[in-house]
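Topology and contacts: notes
If you want the building blocks of each chain, they are given just below.
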Amino acid sequence: MQLRSRSRRLALVAVTVTALAGALAACGEEESDGPSSAPSSSSSAPSSAAPSKAAFTPKSAPLPEGVVDPFELPLGKPPAIDHAVGTTLVLDGRPLETDLPGTSVQIMGTVDKRVVVTGAAPGDTLTSFWAVDESGHAQRLGTGGYESYSYPPILVEETGHLWVNFDDRGTGRRVVREIDVRSGEELQKLTSPVEPSGLDPADQAALDVYYGKAKLPADAGALSPDGVHRVSIGFEDAGGGEDRYFVQVRTVADKKVVLKIPFAVAPELADLQQIYSRCTGRPRRCSAWVEMDSAPYFEDDRHVLAEVSVGVGDDARGETVYVSTVVRCDLAGTCERTTGESDDREVNLGVDPSAP
């Protein structure tokens with residue numbers, strides 16, 4: 001789990017144009033024993049100690065029926081898919097320690113045996129990119145931090161090119177930048193509203209997305225390896241203008257919902273000012289929502305993984321302290337944590353498989 005202070009982490013998402021289906025299918029090759037038990041419903045009273053990662057639910061704010069507190073779940077196996085834990089990349093189940101300086105690290109793909117990741121450099125809110133070799137050394141790509149809006153960055157593994165799109169909401173002006181992963185150099189900056197032509201077919205497909213020529217899937221979400229289900233994040237009204245986030249699994253054929261797991265703590269306490277006044281200086285589950293930081297994935301045909309965060313209190317500056325964990329759920333709705341309480345590094349499952 002990770003204990004951290006923040007307002008809200010900016011979403012850093014990207015996707016490979018090709019090989020995505022193969023990558024998702026590869027996730028299902030390693031069998032999972034599945035969750036070991038149902039969610040716990042125990043609770044305990046607040047204390048005067050510093051914000052804690054220990055699991056508890058305030059007695060004054062019981063959970064509604066069917067709502068899961070991720071920190072009451074039993075601990076299971078680590079995720080079977082490639083993911084990042086802090087600045088450590090876990091590839092095929094093996095950890096690779098890196099010298100990445102960034103935070104919120106997410107794996108985008110691989111070019112010439114180097115893993116391309118995105119994240120935020122220290123003190124920077126813009127999107128940065130690195131290529132990590134087999135020794136764990138990270139090379140910064142491009143000219144520094146990049147603005148990205150409307151569409152996420154796209155890594156084209158076949159050509160080794162990284163495309164970054166920024167649509168200025170004020171002027172409507174589009175800027176598209178091309179970065180060469182192999183050399184680390186920015187190759188070009190496109191400002192014309194007309195899509196360039198004559199590129200490698202894989203690169204052209206990436207630009208077709210940015211310029212509105214690509215046919216995007218109508219049903220977003222990561223596919224299961226067998227192609228039967230999709231998993232995505234859903235939202236519903238929790239009262240007081242707040243949303244409750246949940247993981248939702250649907251069948252591809254008829255979009256029927258087969259699994260819906262709401263991750264929320266005390267959503268009935270919709271008065272946030274009242275909640276925060278109770279939480280200041282005390283380790284309480286003071287947030288009325290749980291933020292789903294990363295896109296959910298299928299680990300195999302029967303299990304999904306999702307990163308879940310929840311506010312537990314305020315730090316000395318009055319900012320909300322968040323704790324995050326990765327939760328595994330089977331299609332019957334039984335869940336478990338995959339990251340332990342002793343690990344306070346941020347865990348990221350990877351890029352959003354439904355984007356762009």
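Residues numbered from 1 in each chain as written. Predicted model: local features only at pLDDT ≥ 70, side-chain atom pairs only at ≥ 80, totals over all residues. Heavy atoms only, no water.

Okay, the overall build of the protein chain next. What the protein chain contains, in helices and strands, is 3 helices and 23 strands. Buried positions account for 51% of the 356 residues belonging to the protein chain. Of all intrachain contacts in the protein chain linking residues separated by at least 6 positions in sequence, the fraction that spans at least 24 positions is 56%. For the protein chain, the accessible surface area stands at approximately 15500 Å², while carbon and sulfur atoms represent 50% of it. (Helix = DSSP H or I, 4+ residues; strand = E, 2+ residues; numbered from the N terminus. Buried < 20%, exposed > 50% of the residue type's maximum accessible area, 1.4 Å probe, protein only. Contact = heavy atoms within 4.5 Å. Areas by Shrake-Rupley, 256 points an atom, 1.4 Å probe, with all protein chains shown as cover.)

Here we come to the sheet that holds strand β9 (residues 138–146). The strand order across the open sheet built from 4 strands is β6-β7-β8-β9, with neighbouring strands paired in antiparallel fashion. Two strands lie at the open edges of the sheet, namely β6 (103–111) and β9, each paired on one side alone. Taking the axes of each pair of neighbouring strands and ignoring which way they run, one obtains an average angle of 20° across the sheet. Pairing of β6 with strand β7 (residues 114–120), which is carried by 6 bridges, proceeds in the antiparallel orientation. Opposite Val111, over in β7, you have Arg114 as the bridge partner. (Pairing = 2+ DSSP bridges. Axes fitted to C-alpha atoms, helices over the stretch in contact; angles between N-to-C directions.)

Where burial is concerned, most of strand β8 (residues 127–132) is hidden: 6 out of the 6 residues are buried. The side-chain alternation of β8 yields two buried faces, one formed by Thr127, Phe129 and Ala131 and the other by Ser128, Trp130 and Val132. Of the strand pairs in this sheet, β7 and β8 are connected by 5 bridges, and their pairing is antiparallel. Residue pairing across strands places Val115 opposite Val132, the latter belonging to β8. Between β7 and the antiparallel strand that follows it, β8, lie 6 residues; Gly123 among them carries a positive phi value of about 75°. Summarising the sheet, β8 and β9 pair through 5 bridges and their orientation is antiparallel.

Take Thr325: it is sitting in strand β21 (residues 320–330). The exposure class of Thr325 is buried, given its relative accessible area of 1%. Of the polar contacts made by the side chain of Thr325, one reaches the side chain of Thr339; its length is 2.7 Å. (Polar contact = N/O pair within 3.5 Å; in protein donor to acceptor, adjacent residues only side chain to side chain.)

On to the sheet that holds strand β5 (residues 94–97), then. Read from one edge of the open sheet, 4 strands run β5-β4-β3-β23, paired in antiparallel fashion. Pairing within the sheet leaves two strands with one partner each, and these edge strands are β5 and β23 (347–348). Pairing geometry for strand β3 (residues 83–85) and strand β4 (residues 88–91), over 3 bridges, is antiparallel. By the bridge assignment for β4, His83 is matched with Val90.

Okay, the pattern of salt bridges next. One pass over the full model with this rule turns up 6 salt bridges. In this structure, Asp112 engages Arg182 in a salt bridge whose closest nitrogen and oxygen atoms are separated by 2.6 Å. You can see Asp112 sitting in the loop between β6 and β7 and its partner Arg182 sitting in the loop between β12 (174–180) and β13 (186–190), a full 70 residues away along the chain. The residue Arg328 makes a salt bridge to Glu299 at a minimum N-O spacing of 2.6 Å. Residue Arg328 is found in strand β21, and its partner Glu299 is found in strand β19 (residues 297–300); the two are separated by 29 residues along the sequence. Of the two residues, Arg328 and Glu299, both sit in the buried class. (Salt bridge = Lys/Arg side-chain N within 4 Å of Asp/Glu carboxyl O.)

Here we come to the confidence of the model for the protein chain. Residue-level pLDDT values for the protein chain average 73, and 63% of them are 70 or greater. Contacts for the low-pLDDT stretch residues 266–272, under 50 throughout, to residues beyond four places or in other chains number 19 contacts. Within the model, pLDDT remains below 50 along residues 278–289, and this stretch shows 57 contacts once partners closer than five positions in the same chain are excluded. (pLDDT = per-residue confidence, 0-100.)

With respect to burial, helix α2 (residues 201–210) is a largely interior element, 7 of its 10 residues being buried. All of the buried residues in α2 are Ala202, Asp203, Gln204, Ala206, Leu207, Val209 and Tyr210. Gly212 sits one or two residues past α2 and shows a positive phi near 75°.

Further remarks concern the environment of Val156. Turning to its location among the elements, Val156 is positioned in strand β10 (residues 154–156). A relative accessible area of 1% means that Val156 is categorised as buried. Separated by 45 residues in sequence, Val156 and Val111 place their C-alpha atoms 8.8 Å apart.

Further remarks concern the nonpolar core. The biggest cluster of nonpolar side chains holds 16 residues, and the ones touching the most others in it are Val231, Val249, Phe263, Val304, Val327 and Cys329. Sorting the residues of this core by element identifies β16 (242–251), β17 (257–263), β20 (303–314) and β21 as the ones contributing at least two each. Residues in contact with Val304, not counting those within four places in the same chain, are Val231, Val247, Val249, Tyr297, Phe298, Glu299, Val327, Arg328 and Cys329. Residues Leu96, Val105, Trp130 and Val132 belong to the second largest nonpolar core, which totals 13 residues. (Core = buried A, V, L, I, M, F, W, Y, C linked by side-chain atoms within 4.5 Å.)

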